[in-house]
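# A look at the structure
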Amino acid sequence: MNVHFIVHESFEAPGAYETWVQSRGHAASYTRVYLNEALPLDANDLDLLVVLGGPQSPATTVDECAHFDSRAEQRLIAQAIDAGRAVVGICLGSQLIGEALGAQFEHSPEKEIGKFPITLTEEGRDNAMIAHFGEILDVAHWHNDMPGLTPDAKVLACSEGCPRQIVEYGPLVYGFQCHMEFTTEVVELLIAASAAELATLTDRRFVQQPQVLRGHDYQEMNQKLFGFLDQLMAAYRG
């Protein structure tokens, strides 16, 4: 399997997704847009497209962030979906999937940074891809927005601070507002990049500070993510 990652910033790393790719013997390729690397011309040579998070929003323009072309990424996502490829978006990536399908992103009711539980909806509990998560699962978060919903989209999980944590856009297309890929190494990168912002958010009920973020164990949610990805690839193979 060929897995392609779109990486928006050096501190928004693939984390556990890379571990899964390596452990399953898949091939990985990357577009590191922060290094001005070009997006693939099409999705013909990939099986799974993973679009990572970033501090941008789908509404961010090239004038505002020269290395981020939201419309170009949306075109690639739409092409991958039309070609029957598997597509997973994380945080910003989930919002870009919604936008590519005509659903505008929205601001989340709460900013969430830290590790907090998500609760599977009835549709989530019935979804074979994530039923193994259990009804409630503690996962990582680092966001202010959430993905838009198409008429056919299914919300599979929510949290107290955000009603759209996992969205199924199609049998092979999923958006994760939460960050199940976080590892201690990725969290350290984010803390270093966001130290000044975190210091201004001490009054937010769903924002944890660095000493708390460093104390979490992220391995259980990583293993649950691996199970989802295995199921997704089995469905892709048909």
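Only a predicted model underlies this, so the values are computations on that prediction, with no experimental measurement involved.

## Quick notes on the overall build of the chain
In terms of regular secondary structure, the chain is built from seven helices and nine strands. By the compact-globule yardstick of 18 Å for 238 residues, the chain fits well, its C-alpha radius of gyration being 16 Å. With respect to the three principal axes, the spread of C-alpha positions in the chain is 45 × 45 × 35 Å. A burial count over the chain gives 56% of its 238 residues as buried. Summarising the internal contacts of the chain: among those between residues at least 6 apart in sequence, 74% fall at separations of at least 24.

## What about the packing of helix α2 (residues 70–82) against helix α3 (residues 92–100)?
Taken N-terminus to C-terminus, the directions of α2 and α3 make an angle of 75°; their axes are 9 Å apart at the nearest point. In terms of axis orientation, α2 runs roughly perpendicular to α3. Here S70, E73, Q74, I77 and A78 of α2 lie close against α3, whose contacting residues are L96, I97, E99 and A100.

## Things to note about the pattern of salt bridges
Under the defined criterion, the tally for this structure stands at seven salt bridges. When the shortest N-O distance is used, the salt bridge between R214 and E188 registers 2.6 Å. With R214 in the loop between α6 (210–213) and α7 (219–237) and E188 in helix α5 (residues 184–199), the pair connects residues that are 26 residues apart, well separated along the chain. Taking the relative accessible area as the measure of exposure, R214 reaches 45% and is therefore partly exposed. Classification of E188 by relative accessible area gives partly exposed; the value is 34%. Residues participating in the shared-partner salt-bridge network are E110, E160 and R205.

## A look at the environment of D217
Here D217 is to be found in the loop between α6 and α7. Separated by 173 residues in sequence, D217 and N44 place their C-alpha atoms 37 Å apart. Within the local environment of D217, its side chain forms a polar contact with the backbone nitrogen of Q219, the two atoms lying 2.8 Å apart.

## Focus on unusual backbone geometry
One non-glycine residue, N36, lies in positive phi territory at about 65°. One can find N36 in the loop between β2 (27–32) and β3 (48–51). Positioned with a positive phi, C91 is a non-glycine residue whose angle comes to about 55°. Residue classification places C91 among the buried residues on the basis of a relative accessible area of 6%.

## Remarks on the pairing of strand β5 (residues 106–120)
One ladder, built from 10 bridges, connects β5 with strand β6 (residues 136–146); its direction is antiparallel. Note on β6: the bridge partner recorded for E112 is H143. Pairing of β5 with strand β7 (residues 154–158) involves two bridges; the strand directions are antiparallel. Bridging across to β7, L120 finds its partner in A157.

## So, the nonpolar core
When a protein is soluble and globular, its nonpolar side chains tend to lie buried together. L48, F228 and L232 are the most contacted members of the largest nonpolar core, which totals 51 residues. Ranked by residues supplied to this core, first place goes to α7 with eight residues. Excluding residues that lie within four positions of it along the chain, L232 makes contacts with L48, A86, V88, M129, P171, L172 and Y174.

## Side note on the sheet that holds β2
The strand order β2-β1-β3-β4-β9-β8-β7-β5-β6 describes an open sheet built from nine strands, whose pairing is mixed. At either margin of the open sheet sits one strand with a lone partner, and together these are β2 and β6. Taking each pair of neighbouring strands and ignoring which way they run, the sheet shows an average axis angle of 20°. Contacts between helix α1 (residues 16–24) and the sheet are confined to β1 (2–7), β2, β3 and β4 (86–90), with β1 contributing the most and set at about 165° to the helix. Contacts from α2 reach β1, β3, β4 and β9 (173–176), with the element oriented near 150° to β3.

## A closer look at the UniProt feature "domain: Glutamine amidotransferase" (unreviewed entry) in the chain
The positions that UniProt labels "domain: Glutamine amidotransferase" (unreviewed entry) are, in the present scheme, residues 42–184. Between the first and last C-alpha atoms of residues 42–184 the distance is 33 Å; the span itself is 19% helix and 34% strand.

## As for the packing of aromatic side chains
The tally for this structure, following the rule as stated, stands at five aromatic pairs. Plain terms: the ring middles of W142 and F182 are 6.5 Å apart, the flat faces sit at 70° to each other, and that makes the pair edge-to-face. Linking W142 in strand β6 with F182 in the loop between β9 and α5, this pair joins segments that are 40 residues apart in sequence. Taking relative accessible area as the criterion, W142 reaches 10% and is therefore assigned buried. Accessibility expressed as a relative area gives 2% for F182, which makes it buried. Each ring, one from F176 and one from F228, has its centre 5.0 Å from the other, and the planes form 65°; the classification is edge-to-face. Placement of F176 in strand β9 and of F228 in helix α7 is noted, with a sequence separation of 52 residues between them. Like F176, the residue F228 is buried in the burial classification. By the ring-pair criterion, three or more aromatic residues cluster together here, those being Y174, F176 and F228. Positioned above the aromatic ring of Y30 is the side chain of R32, whose terminal nitrogen or guanidinium carbon lies 4.5 Å from the ring centre.

Conventions used here
Residues numbered from 1 in each chain as written. Predicted model: local features only at pLDDT ≥ 70, side-chain atom pairs only at ≥ 80, totals over all residues. Heavy atoms only, no water. Helix = DSSP H or I, 4+ residues; strand = E, 2+ residues; numbered from the N terminus. Rg over C-alpha atoms; globule rule 2.2 N^0.38 Å. Buried < 20%, exposed > 50% of the residue type's maximum accessible area, 1.4 Å probe, protein only. Contact = heavy atoms within 4.5 Å. Axes fitted to C-alpha atoms, helices over the stretch in contact; angles between N-to-C directions. Parallel < 35°, antiparallel > 145°, perpendicular 65-115°, else oblique. Salt bridge = Lys/Arg side-chain N within 4 Å of Asp/Glu carboxyl O. Polar contact = N/O pair within 3.5 Å; in protein donor to acceptor, adjacent residues only side chain to side chain. Pairing = 2+ DSSP bridges. Core = buried A, V, L, I, M, F, W, Y, C linked by side-chain atoms within 4.5 Å. UniProt positions renumbered as here; feature names shortened; annotations may be inferred. Phe/Tyr/Trp six-rings, centres within 6.5 Å; stacked < 30°, edge-to-face > 60°. Lys NZ or Arg CZ within 6 Å of the ring centre and 35° of its normal.

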